[in-house]
Number of protein chains: 2
Amino acid sequence: MSKTITPLSEVGLFGLMERYEKTFSSHRRSMTIKGLENDAAIISQENASLITGQNILLEGIHFDLTYFPLKHLGYKSVVSAISEIIATGSRPSHISLALGLSGKMSLEAVDQFMEGVKTACDKYNLDLIGFKPSSSLTGMTISVTAYGFSKSSKPISRSGAKETDLLCVTGDLGSAFMGLQLLEREKKVLKETGEAMPDFGSYDYLLERQIKPEARIELLEQLEATSIRPTSMCLIREGLAPSLIRLCKSSKVGCIIFENKIPIDHTTSTLCDEMEFNPLVAALNGGEDYELLFTLSLDDYQKVEDAKDKLNNVFLIGHIWPESKGYILETNAGQEIPLKARGWGKEDYDQ
Amino acid sequence: MSKTITPLSEVGLFGLMERYEKTFSSHRRSMTIKGLENDAAIISQENASLITGQNILLEGIHFDLTYFPLKHLGYKSVVSAISEIIATGSRPSHISLALGLSGKMSLEAVDQFMEGVKTACDKYNLDLIGFKPSSSLTGMTISVTAYGFSKSSKPISRSGAKETDLLCVTGDLGSAFMGLQLLEREKKVLKETGEAMPDFGSYDYLLERQIKPEARIELLEQLEATSIRPTSMCLIREGLAPSLIRLCKSSKVGCIIFENKIPIDHTTSTLCDEMEFNPLVAALNGGEDYELLFTLSLDDYQKVEDAKDKLNNVFLIGHIWPESKGYILETNAGQEIPLKARGWGKEDYDQ
C-alpha cells in the first residue's frame, strides 16, 4: 500500500472524475455507448426489459471505517446492489456510483475503495457507467445503482408465490450478522485495552461473510441447468423474516417455515453460544446475508430432488399456505410463532 | 400543514416503504412492469437505448434544511437528476430514490419531501420505480437515479462538437448561485438579529432559481419543432466554465466565448452589485443553473436565425475552435482570459 497521502482538494472534483474514467472505460461491453465520460450513461439494447435497483450505504449505519477495509467496502457496495438484480432471475451488467467523501479522506483512500469496485466489476462482468463524487461534511456515503437486461418478458418478482409452493433459501443465514457482532466486540476490546491485533479465533468464515460477501449469481446457472423456474424470488438483506413477509404480502399468501430447516452455519452457532445470542434471531432478523429466498411450484419438487448435487447450497425451509393462516415459524418444540419484521427499531433512532 | 409529529421509529423501515408504494404505484406507464413493490424495478421496452444518470445531494453541502423547504427539496432532487437525461436530448421517464434519514426527521417531514417528489413526477411525467430509505447518523442524504429511453441510435453526448460549431446556452446563468448567497446572507442576519421574517426585497426570481429550479425539457420540443440537432450537449451544474471545458475535452476541441454574450439576468447583476460580487464569476463558476450547453453546426445558423421566436431562451455565446487554441473568454475590454474549472477548492475541504 502506498504511503503517499494526497488531499482530495488537490485533485478536485473533476480530477477525481477523470481519474476513474480511464480505469473503467478500457474494456467495456459493446452495448455500453457512453459511460463515465458523459453526464448520463447510454446503453443500447434490443427487445429486452431493464431490471434496475438502487442502494445506499452510510458510514456509522452500514459500515464502520475503523475496521472495514476500504477495498472490501467498494466490493461489498457492488455486491449489495447487484444482488437485487439477481433476485429477479437476471444477470446484472452495469452499475453506477455516487459517493459522498469527507475531507478526512485522501485520494489514496478513494483509490482503495475504487479498487474494490473494480475487482467486483471484473468478477461479476459489470461496466461502471456512472461515477459522481461529492464532498461531504459528515461521513462517507455510497449509493450504487445496478442494471441488468432480461430477454424474458416475465422476470421473476416477489409477487408470484402460490398457496402450495415450496420455500427455499440459498446459503446459510445469520453469519454476516454474527461477523459484525464479532467486529464490534473486538473494536470495544481494542478501545479498552489498546491491544493492536484483535483475536478472531476460528471465526474467519463469519468475518468473510460480513466483509467480503458474494452475490448468489451461481443460483441462476443452477436453475438454468436444472430447468427449474422459481415462481417468486427476493433478496435477504435485513434477515429472513422481513424478506419472507414482504414476499408473502406481495403474493397475497401466508407461509410456514421450520426452525430445524433454517440453514445456520456451525460457526454462527458457536459464536452465538459464546456471546449468548439466539442463532435463530441472527438468521431471522440479522442482516446482510445477501442470500436469495424463492418459491417453487410443488410440481418441481421431484426436479429438485433429482438435481440435489447441482443445487448445492439450496435449502428447503418450509412452504406457502393461505394468507389467512399468517406467517409462522414452527419451532423444534412444535410451537407456532408468528414471524415479525424488524427494521428501524427504536434502538436505531434513539441517539 | 399538519401539526402531528410522528417519529420515524414508529413507522419503521418497511412501513415507510409501503407508505409510498401506494402513492407512486397508482397511475404508471404500461412499460413499468414492477416498481416500488419489488427489490429491483422492471421496465419493458423495445428497440430503445437506455439513458441513465445518478446523483447525490448531501445536507450541509448541497442544501441547508434551516431555510430549504422539504417539499422544494424533493422537487429539486428530481429536477437535478432528470436534467442529465435531457442533456442527451432524451426525455426522462423513470426515477428511483435512495434516502438517508436522520432520527431528527419525522414522518411528516418525509411526507413533505415525498410530496415534492410526487409533484415533480406529475409535472415531468415520471414513474418513481425505486424507494430505499435508510436511517442516517448524520444529516439527510438524497440519491436519485434517472432513466430515459431513446429510439435514436445516436443520442447526443458531450463528445460531438466540431471545430467551427456554434456554442449556445439555455436560460440565464448565475442566478441560482446568487439566490443561494441571498439565503445564506439572510440566515446570518437572522442568527444575529433574531428577526423572524427575512427581507428578500425584489429578489424573488433568484430565490425561485435556487429553491424551485425547472428542467429544460422545453428545449427538446423547440429543437424538434425547428429540426435542429445539436452536435453535442451537456448540463450546466457547477457553472458554465467546467461544463464548457468538459464538453470541449470530450470533443477534443477548444472554444471561445464572449463576456457580453453570456446571459445574466438583471436581478443577478443587481444583487451582485449590492454584494460586491462579480456576476461573471457567478455565471462561470456558480452552480445549480440546470441549464443546457450545446453546440450547433454552422450550417444550422440560418435555421436558428429563422426560428428565433421558437427558440426563445436560447443564447449564442461563442464558438468552438481548435483544441490548441484553448478555452478562452473574451472580455468586453477585448482581453482573452483562459477559462478555469473550479470544483472542490480548498475552501470545500478545510473544515
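Residues numbered from 1 in each chain as written. Chains lettered and ligands numbered in written order. Predicted model: local features only at pLDDT ≥ 70, side-chain atom pairs only at ≥ 80, totals over all residues. Heavy atoms only, no water.

> Summarise the UniProt feature "binding site: ATP" (unreviewed entry) in chain A; cite the residues concerned and give the values.
With numbering aligned to this structure, UniProt lists the feature "binding site: ATP" (unreviewed entry) at A:Arg158. Mapped onto the elements, A:Arg158 comes out in the loop between strand 6 (141-150) and strand 7 (166-170). Among the polar contacts listed, one links the side chain of A:Arg158 to the backbone oxygen of B:Glu37, at a separation of 2.5 Å. (UniProt positions renumbered as here; feature names shortened; annotations may be inferred. Helix = DSSP H or I, 4+ residues; strand = E, 2+ residues; numbered from the N terminus. Polar contact = N/O pair within 3.5 Å; in protein donor to acceptor, adjacent residues only side chain to side chain.)

> Help me get a handle on the packing of aromatic side chains, residues and values and all.
Applying the stated rule across the entire model yields 7 aromatic pairs over all chains. Ring centres 6.4 Å apart and planes at 50° place the aromatic pair B:Tyr75 and B:Tyr124 in the tilted group. Of this pair, B:Tyr75 sits in helix 2 (residues 70-86) while B:Tyr124 sits in helix 3 (residues 107-124), and the two are 49 residues apart along the sequence. Residue classification places B:Tyr75 among the buried residues on the basis of a relative accessible area of 3%. Directly above the aromatic system of A:Phe24 lies the positively charged group of A:Lys118, at a separation of 6.0 Å from the ring centroid. (Phe/Tyr/Trp six-rings, centres within 6.5 Å; stacked < 30°, edge-to-face > 60°. Buried < 20%, exposed > 50% of the residue type's maximum accessible area, 1.4 Å probe, protein only. Lys NZ or Arg CZ within 6 Å of the ring centre and 35° of its normal.)

> If you had to explain unusual backbone geometry to someone new, which residues and values would you point to?
One non-glycine residue, A:Ser227, adopts positive backbone phi at about 55°. Here A:Ser227 lies in the loop between helix 6 (218-226) and strand 8 (232-236). Even without being glycine, B:Asn313 reaches a positive phi, approximately 80°. With respect to the helices and strands, the residue B:Asn313 is situated in the loop between helix 10 (301-306) and strand 11 (314-321). Under the relative-accessibility criterion, B:Asn313 is labelled partly exposed at 35%.

> Pulling in residues and values, what's your account of the sheet that holds strand 1 (residues 32-34) of chain B?
Read from one edge to the other, the open sheet built from 6 strands follows the order 5(A)-4(A)-6(A)-3(A)-2(B)-1(B), with strand pairing classed as mixed. Each edge of the sheet is formed by a strand with only one pairing partner; in this case those strands are strand 5 (127-136) of chain A together with strand 1 of chain B. Pairwise comparison of adjacent strand axes, ignoring direction, gives a mean angle of 20° for this sheet. On top of the sheet, helix 1 (residues 8-25) of chain A reaches strand 4 (92-102) and strand 5 of chain A; it is set at about 170° to strand 5 of chain A, its chief contact. (Pairing = 2+ DSSP bridges. Axes fitted to C-alpha atoms, helices over the stretch in contact; angles between N-to-C directions. Contact = heavy atoms within 4.5 Å.)

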